[in-house]
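Each chain is listed here by its residues.
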Amino acid sequence: MQLLGTTRIGGDCHIRSYTVIENCALGSNVLIRQSCVLADSSVADGAKIGPFAHLRPGSEIGEDAHVGNFVETKKAKLGKGAKANHLTYLGDAEIGEKTNIGAGVITCNYDGVHKHLTRIGKGVFVGSDSTLVAPVAIEDGAYIGAGSCITKDVPAGALAVARSRQFTKEGWAEARRNSQKPKDPA
């Protein structure tokens, strides 16, 4: 473990092996699991981070929030009790209390020229493998269906599903393999 710069750590914190914390403020009763990197961020009382999480500059993790394995944050604010437990990127985002961010969710914050903010309200459920294309707002209590690409604001209490319907072509794979076989030299 490495504690660098102006890092301050509250009471009853547990910081596991191979973690690097630089210029951060940790509240009390914080758990930092193994192999995390935290820089220029704050973590409030009772929060749990990692393993293998990366808090980049400007991250503010709220009280009792969870940032899990292979989650990266950058200028992200997670409210009290918010959770992003698996394989997620949250950049330039505000996430309300008790919101659940599913596995594989990405905030698409950069359009090639400018960074944009994603706002997610309180008590929101964002389904796994969803992309949130900023600037976008998801209001309190909304649900996002798994695998959705959200490009428009979602009103409070609404369900947003943005994915095409599945279609299946029977026999397609075998026909493709057969068309790719080398021709028999004559």
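Residues numbered from 1 in each chain as written. Predicted model: local features only at pLDDT ≥ 70, side-chain atom pairs only at ≥ 80, totals over all residues. Heavy atoms only, no water.

This part takes up the overall build of the chain. Helices and strands together make up the secondary structure of the chain, namely one helix and 22 strands. The C-alpha radius of gyration computed for the chain amounts to 20 Å, which surpasses the reference 16 Å derived for 186 residues by more than 25%, pointing to a less compact arrangement than a globule. Along the first, second and third principal axes, the C-alpha set of the chain runs to 75 × 45 × 30 Å. Counting across all 186 residues of the chain, residues that qualify as buried make up 37%. When contacts within the chain are restricted to residue pairs at least 6 apart in sequence, long-range pairs at least 24 apart make up 11% of them. (Helix = DSSP H or I, 4+ residues; strand = E, 2+ residues; numbered from the N terminus. Rg over C-alpha atoms; globule rule 2.2 N^0.38 Å. Buried < 20%, exposed > 50% of the residue type's maximum accessible area, 1.4 Å probe, protein only. Contact = heavy atoms within 4.5 Å.)

Here we take up unusual backbone geometry. With an omega of 10°, the peptide bond running from glycine 50 to proline 51 counts as cis. One can find proline 51 in the loop between strand E9 (48-49) and strand E10 (54-55). Of note, the amide linkage connecting alanine 134 to proline 135 takes the cis form, showing an omega dihedral of 0°. For proline 135, the position within the fold is in the loop between strand E18 (131-133) and strand E19 (136-138). One non-glycine residue, aspartate 129, adopts positive backbone phi at about 60°. When you line up the elements, aspartate 129 lands in the loop between strand E17 (125-126) and E18.

Residue placement: asparagine 109 occurs in the loop between strand E15 (106-108) and strand E16 (118-120). Excluding residues within four positions of it along the chain, asparagine 109 makes contact with Lys74, Tyr89, Gly91, Asp92, His114, Lys115, His116 and Ala134.

Time to look at the side chain of threonine 99. When you line up the elements, threonine 99 lands in the loop between strand E13 (83-95) and strand E14 (100-101). Here valine 124 takes part through its backbone nitrogen, which lies 3.1 Å from a polar atom of the side chain of threonine 99. The residues touching threonine 99, leaving out its near neighbours within four places in the chain, are Gly81, Ala82, Lys83, Ile120, Gly121, Lys122, Gly123 and Val124. (Polar contact = N/O pair within 3.5 Å; in protein donor to acceptor, adjacent residues only side chain to side chain.)

Within the structure shown, the criterion is met by two aromatic pairs. Summarising the aromatic geometry, the rings of phenylalanine 52 and phenylalanine 70 are spaced 5.0 Å apart at their centres and angled 0° between planes, so their arrangement reads as stacked. Taken together, the positions of phenylalanine 52 in the loop between E9 and E10 and phenylalanine 70 in strand E12 (residues 66-78) put the pair 18 residues apart, joining distant regions of the chain. The exposure class of phenylalanine 52 is partly exposed, given its relative accessible area of 38%. (Phe/Tyr/Trp six-rings, centres within 6.5 Å; stacked < 30°, edge-to-face > 60°.)

Here asparagine 178 lies in helix H1 (residues 172-180). Spatially, the C-alpha atoms of asparagine 178 and glycine 102 are 39 Å apart, while their sequence positions differ by 76 residues.

To continue, consider the pattern of salt bridges. With the rule as written, the count across this model stands at three salt bridges. A salt bridge links arginine 119 to glutamate 94, with the nearest nitrogen and oxygen atoms 3.6 Å apart. Here glutamate 94 lies in strand E13 and arginine 119 lies in strand E16, a separation of 25 residues in the sequence. (Salt bridge = Lys/Arg side-chain N within 4 Å of Asp/Glu carboxyl O.)

With that out of the way, let us pick up the pairing of E12. Relative to E12, E9 is paired through two bridges, and the arrangement is parallel. Pairing of isoleucine 49 across the sheet is with valine 67, part of E12. Relative to E12, E10 runs parallel, the two being bridged by two bridges. The residue of E12 that forms the bridge with leucine 55 is threonine 73. (Pairing = 2+ DSSP bridges.)

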